[in-house]
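Here are the chains, one letter per residue:
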Amino acid sequence: MIDLSTNYLGLKLLNPIVVSASPLTEKLENCARLEDAGASAIVMYSLMEEQIEAESENIDNALEYGANSYAESTSYLPDMQKFHIGPDRYLELLHKGKASVSIPVIASLNGRSPGGWVRYSEYMEQAGADALELNIFDVASDPDVSASDLETRYCNIVRAIRKSVRIPLAVKLGPYFTSCANFAKRLSDAGADGIVIFNRFYQPDFDLEEMEVTPNLVLSSPHELRLRLHWAAILYHQVETYIAITGGVHDSSDVLKCMMAGAHVTMMTSALLRYGIEHTGVVLAGIERWMEEHEYASIRQMRGAMSMVNIENPAAFLRGNYLKTLGSYTWREPGTEMAF
Ligand SMILES: Cc1cc2nc3c(=O)[nH]c(=O)nc-3n(C[C@H](O)[C@H](O)[C@H](O)COP(=O)(O)O)c2cc1C
C-alpha cells in the first residue's frame, strides 16, 4: 500500500496535491468537485488589500456624504467592482466552502503594506479557515526603498497577522529577492509556518496600435518549475519552514520532482484550468504508478532526496551549475545543422 500522505503547515494531508488560489474556488460547488477529484487541500482565491480598503472607504464616504457619492469615490478603482467579490461575500464563501468538504481549506489574503486590512486574517480564521496564505505581491519600483526596507515591511505584516490568528500561516512570495534564503528565514522568524514558492509575475503587454499597456495572463508551462525546484532544493533543511511549490506543476513527474527537491506539497492551477478539475486524479494515479515501479512506499521516503544537502554534488545548485551549463552549449552556424 503506497502512502501518499504528507504534512503541510501542521495539517495532515492525504497527498501532496493542493489546489492553489484561482477562479476555481470562486464557485462553491467546485470545492466538493476538487475534493472528489483527489485534491488534499484547497486554497481559496485571494481577498485583496485594495478590495478591503475600497470597501471601507466607500462606507466612510457613504456615511459622510450620502449614497450619491458612492460612484464617484470608487471611480479611481474601476476594476475593484468587477474583481472577484467583496470581503463579506468572500468570508461567506469561505465558510460555506469549508462546510462543504472534509479537506483543509486555506484562505488567501493578498496585500503589500501593513494596515487595517490585516485584521481580515482574524475574520478568515473565524469563518473556519484551517490556515492562511498571505500573498505578498508588490513590484519594488521605488528607487528610494531598499531591499532590506521592503523585506522588513513584509516581515512586519507577517508579525501583525501572526499576532492576530492562531491558525498556521504561509507566505506566498515572488522569486525576486536578492537573498532568497535569508528572506525565507526572516519570514520564518517573523512567525510564518511555511512559504509558497513562487508567485508568477504577470508582466503587461504593449498594444502598439492603441498605445496602451494591457494586462496579459498566460497560463504557466512546466519549464517554470525549474526555478521552484532549485530553491526548494536549496532551502530544504537550511530553513525551518514548510515548503509549497506553485508554478509549473502540471503532471505526476512534476510533483515527484518537487518532493525530491524537498517540498511538502505542490500546488496546481494552470493544469486544472487547462485540463479540468479531474486532472488531479490523473496526476495522483501517475504518482502512485511511478512509486510502485521505483519501489517507494511513501512520499516521506523521497522528500528531499535530491535536495542540496542530500545530493553528492551540491555545486549542481550553485555557481558550479552555472559554469557547467554555459560550458555545455555548442553553437553551430545556422543552416549547417539544427541549431537551437
Ligand atoms: C486566473 C488565475 C487567477 C489567480 N488568482 C490568484 C489569487 O487570487 N491569489 C493568488 O495567490 N494566486 C492566484 N493565482 C496564481 C495561482 O495560485 C498560482 O500560484 C499560479 O498560477 C502558478 O501556478 P500554476 O503554474 O499551477 O498555474 C491565479 C492564477 C490564475 C491563472
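Above this text you will find the structure in question.
Since the model is a prediction, treat every value here as computed from it, not as a measurement.

Visitor: Just give me the short version of the overall build of the protein chain, but keep the residues and values in it.
Guide: Looking only at helices and strands, the protein chain has 14 helices and 12 strands in total. Over its C-alpha atoms the protein chain spans a radius of gyration of 22 Å, differing by no more than 12% from the 20 Å that the globule rule assigns to 340 residues. Principal axes of the C-alpha set define a box for the protein chain whose edges measure 70 × 55 × 40 Å. Buried residues in the protein chain amount to 47% of all 340 residues. In the protein chain, 70% of the contacts between residues at least 6 apart in sequence involve partners at least 24 apart. Taken as a whole, the protein chain presents about 17,900 Å² of accessible surface, with 53% of it coming from carbon and sulfur.

Visitor: Lay out the site of the ligand with the relevant residues and their values.
Guide: Taken together, 21 residues are adjacent to the ligand, and Ala21, Ser46, Asn135, Ser220 and Ser270 come closest. Within the side chain of Ser46, a nitrogen or oxygen atom sits 2.6 Å from a nitrogen atom of the ligand. Here an oxygen atom of the ligand sits 2.7 Å away from a polar atom, N or O, in the side chain of Asn135. When the ligand is considered free in solution it has 610 Å² of accessible area, and contact with the protein chains removes 91% of it. Partitioned by chemical class, the residues of the shell around the ligand number 9 nonpolar, 10 polar and 2 charged.

Visitor: Describe the sheet that holds strand β12 (residues 265–268), and please don't skip the residues or the numbers.
Guide: The strand order around the closed barrel built from 8 strands is β3-β4-β5-β6-β7-β8-β11-β12, with neighbouring strands paired in parallel fashion. When the angles between neighbouring strand axes are averaged without regard to direction, this sheet yields 25°. One ladder, built from 3 bridges, connects strand β3 (residues 17–19) with β12; its direction is parallel. Across the sheet, Val19 pairs through a bridge with Met268, a residue of β12.

Visitor: How would you summarise helix α12 (residues 279–293) if you had to cite specific residues and measurements?
Guide: Taking 1.5 Å per residue as the helical rise, α12 with its 15 residues ought to reach 21 Å, and the 21 Å between its terminal C-alpha atoms agrees with that figure. Within α12 the residues assigned to the buried category are His279, Thr280, Val283, Leu284, Gly286, Ile287 and Met291. Looking down the long axis of α12, one finds its buried residues gathered within 160° of arc, a one-sided arrangement. Exposed residues on α12 whose side chains face more than 90 degrees from its buried face are Val282, Glu292 and Glu293. Close packing links the buried residues of α12 with β3, α1 (28–37), α10 (252–261), β12, α11 (270–275) and α13 (299–302). Following α12 by one or two positions, Glu295 has its phi on the positive side, about 55°.

Visitor: How would you explain the packing of aromatic side chains if you had to name every residue and give the values?
Guide: On inspection of all chains with the given rule, the structure shows 9 aromatic pairs. Relative to Tyr296, the ring of Trp290 has its centre 5.6 Å away and its plane inclined at 20°; by these criteria the two rings are stacked. Take Tyr296: its relative accessible area is 21%, and that puts it in the partly exposed class. Linked through ring pairs, Phe137, Tyr176 and Phe201 together constitute an aromatic cluster.

Calculation criteria
Residues numbered from 1 in each chain as written. Predicted model: local features only at pLDDT ≥ 70, side-chain atom pairs only at ≥ 80, totals over all residues. Heavy atoms only, no water. Helix = DSSP H or I, 4+ residues; strand = E, 2+ residues; numbered from the N terminus. Rg over C-alpha atoms; globule rule 2.2 N^0.38 Å. Buried < 20%, exposed > 50% of the residue type's maximum accessible area, 1.4 Å probe, protein only. Contact = heavy atoms within 4.5 Å. Areas by Shrake-Rupley, 256 points an atom, 1.4 Å probe, with all protein chains shown as cover. Near = heavy atom within 4 Å. Polar contact = N/O pair within 3.5 Å; in protein donor to acceptor, adjacent residues only side chain to side chain. Nonpolar A, V, L, I, M, F, W, Y, C, P; charged D, E, K, R; others polar. Pairing = 2+ DSSP bridges. Axes fitted to C-alpha atoms, helices over the stretch in contact; angles between N-to-C directions. Expected span 1.5 Å × (residues − 1). Arc of directions from axis to C-beta. Phe/Tyr/Trp six-rings, centres within 6.5 Å; stacked < 30°, edge-to-face > 60°.

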